[in-house]
Amino acid sequence: MTAEAAHDSQRWRFRSLAGAVGIALAGHYRNLRETITLVTSPGALVAARYQSCVSRRSVRPAVVPSCNLWTLRASTLALQVEPLGLLFACTCLSLLWIVNSIYSIGYMRGNQEKHQTRFYVCFAISIAAAIGIAFAGNLLTLFIFYEVLTLAHLIHCVDPKAIPQRPVIGARLPGHSAERRPSALLLPAIIWTYYARPAQWISYRAGFWHGNIGGPHGSCCWRLFVFGIGKAAVMPVHRWLPAAMVAPTPVSALLHAVAVVKAGVFTILKVIIYIFGVEHLFAEPSSGWLLFAAAFTVLAASVVALRQTNLKRMLAYSTISQLSYVVMAAAVLKPLSEVGAAVHIVSHAFGKITLFFAAGAIYTASKKTELAELAGIARRMPWTMAAFSIGALSMIGVPPTGGFVSKWYILAGAFQDDNYVAIVTIMLSTVLNAAYFLPIVYAAWLMPETHTPKQDHGEAPWPVVVALTATAALTLLFFLFNQPVIDLETQLVTPGSGGSP
């Protein structure tokens, strides 16, 4: 096995950056600008590479493809291909990038959004940064790309109505301070880790925390990592996420399903598996607090979502809850739960992007944003509400959707550990998810329309409908064709391969 896969990841990232430059140069020539966006969306290439890696088992613990981007004394920017990063790059990033690009064309044109060139440029930069996070070979590389992603998506979230005629960089960004505060904890954690073992920042399946940072020091460093990774939205560092809902829906989809929050939970998984090590973290009594913090976030965010009246804010708090499923599954520290955490990243990406696509379609076609306005809307927008229903069922965890698969593995890991906190949390949150999603589905399909629009409307523009139909289909197909993902992530926890027992 050569370093070809690692160099492929570098090419994907540079292709995204080159696309951003091309989009910026295209400027107001919207057809050319959007063509460049679609051409640089490498979904087919990455999906093919993913299938190749799975079938040939080219990503193995013994031989880790890697390459260095830049070296200065003891500091190195490096890329490294491993199963968790490959899953994140292939599904949440590259596969959904092209779908979101198609959706964005219909949404941005249909709503005549301002600053469309800036949107497409920042979107390409965000994907490039997220790919860098996925294949980061050490914590320095991860931190740099993490901060680039933060800057790009905060520029996305500028509300032109709230800050008219102000430059982008100087604008007041919604949720900016709330998200920037956690990063002040992440950098000290990285420096502390480097100080403990400077020769090896991220070692594939090493779990070098054991014997280097232990006891109270290890517990403190672990807390800095968890709360410093603010994009994972573990309470109380979650407030930035609902505040970012002022952005256009394609940005919300990027935030909640494709790159930003997924980068947060992915980073937590990467730190648990590659930095601390599942075995060593499980043996440390002080590590149990994360399970309770994640369980509280799952239930508290679900209760808050239940009380929302705005569709996008309800989906935002639902995202906070669903993200903590991943964190809680990782905190169970059992093989099946670790696989379930990785699988939930994929299933949630497919389901939640479908929900946000549907919310944007409703706004584009009818300008409706409140839950009370959605009664009977399925008669006018059957494709949109069918996709919304599929996404909602996936969030609840009902078969035949992808959400059922990930919850099954998380529950299996919890039963494997006799972890009743996780078991009860999943059961209660499933009931809460049903409590705020099913009334929307019921009202849309079975109740009479009470808010009659000024003019009869149908579906949103066809690119929007095509995109949300595709993601809804992915949500269903993942229920049937999930074995390649499970096989890939099982490498993380297979006995005898350096993973967890």
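Look a little higher up for the structure.
As the structure is a prediction and not an experimental result, all values here were calculated from the model.

### Here we look at the packing of helix α13 (residues 289-306) against helix α14 (residues 311-332)
Logical step 1: Interaxial distance between α13 and α14 falls to 8 Å at its minimum, and their mutual angle equals 160°. When the axis of α13 is compared with that of α14, the two are roughly antiparallel. As α13 runs across α14, the sense of the crossing is left-handed. Only Met314, Tyr317, Ser318, Ile320, Ser321, Ser324, Tyr325, Val327, Met328, Ala331 and Val332 of α14 make contact with α13, whose side of the interface consists of Leu290, Leu291, Ala294, Ala295, Thr297, Val298, Ala301, Ser302, Val304 and Ala305.
Logical step 2: Split into classes, the residues belonging to the contact of α13 with α14 amount to 16 nonpolar, five polar and no charged.

### Points about the packing of aromatic side chains
Logical step 1: Applying the stated criterion to the full structure yields 10 aromatic pairs.
Logical step 2: Summarising the aromatic geometry, the rings of phenylalanine 119 and phenylalanine 123 are spaced 5.9 Å apart at their centres and angled 35° between planes, so their arrangement reads as tilted. Of the two residues, phenylalanine 119 and phenylalanine 123 are both situated in helix α5 (residues 116-134); the distance of four residues between them amounts to about one turn of the helix. Per residue, the accessibility class of phenylalanine 119 equals that of phenylalanine 123, and both read buried.
Logical step 3: Consider the rings of phenylalanine 404 and phenylalanine 479, whose centres lie 6.0 Å apart with planes at 50°: the pair is tilted. A residue pair is termed long-range when its members are at least 10 positions apart, and phenylalanine 404 in helix α17 (residues 402-416) and phenylalanine 479 in helix α19 (residues 462-480) qualify at 75 residues.
Logical step 4: The class for phenylalanine 404 is partly exposed, based on a relative accessible area of 26%.
Logical step 5: Stacked on the ring of tyrosine 363, the Lys or Arg lysine 367 has its end atom at 4.6 Å from the ring centre.

### A look at the pattern of salt bridges
Oppositely charged side chains can pair when the atoms bearing their charge come close.
Logical step 1: In total, this model carries two salt bridges according to the counting rule given.
Logical step 2: A salt bridge links lysine 368 to glutamate 449; its shortest N-O distance comes to 3.2 Å. Placement of lysine 368 in the loop between α15 (335-366) and α16 (382-396) and of glutamate 449 in the loop between α18 (420-446) and α19 is noted, with a sequence separation of 81 residues between them.
Logical step 3: Under the relative-accessibility criterion, lysine 368 is labelled buried at 6%.
Logical step 4: Residue classification places glutamate 449 among the partly exposed residues on the basis of a relative accessible area of 22%.
Logical step 5: Its salt-bridge partner being glutamate 449, residue arginine 380 comes within 2.6 Å of it at the nearest N-O pair. Here the residue arginine 380 occupies a position in the loop between α15 and α16, and glutamate 449 occupies one in the loop between α18 and α19, the gap between them amounting to 69 residues.

Conventions and cut-offs
Residues numbered from 1 in each chain as written. Predicted model: local features only at pLDDT ≥ 70, side-chain atom pairs only at ≥ 80, totals over all residues. Heavy atoms only, no water. Axes fitted to C-alpha atoms, helices over the stretch in contact; angles between N-to-C directions. Helix = DSSP H or I, 4+ residues; strand = E, 2+ residues; numbered from the N terminus. Parallel < 35°, antiparallel > 145°, perpendicular 65-115°, else oblique. Left-handed = near helix turned anticlockwise from the far one by under 90°. Contact = heavy atoms within 4.5 Å. Nonpolar A, V, L, I, M, F, W, Y, C, P; charged D, E, K, R; others polar. Phe/Tyr/Trp six-rings, centres within 6.5 Å; stacked < 30°, edge-to-face > 60°. Buried < 20%, exposed > 50% of the residue type's maximum accessible area, 1.4 Å probe, protein only. Lys NZ or Arg CZ within 6 Å of the ring centre and 35° of its normal. Salt bridge = Lys/Arg side-chain N within 4 Å of Asp/Glu carboxyl O.

Scope: geometric values only; no functional claims are made or implied.
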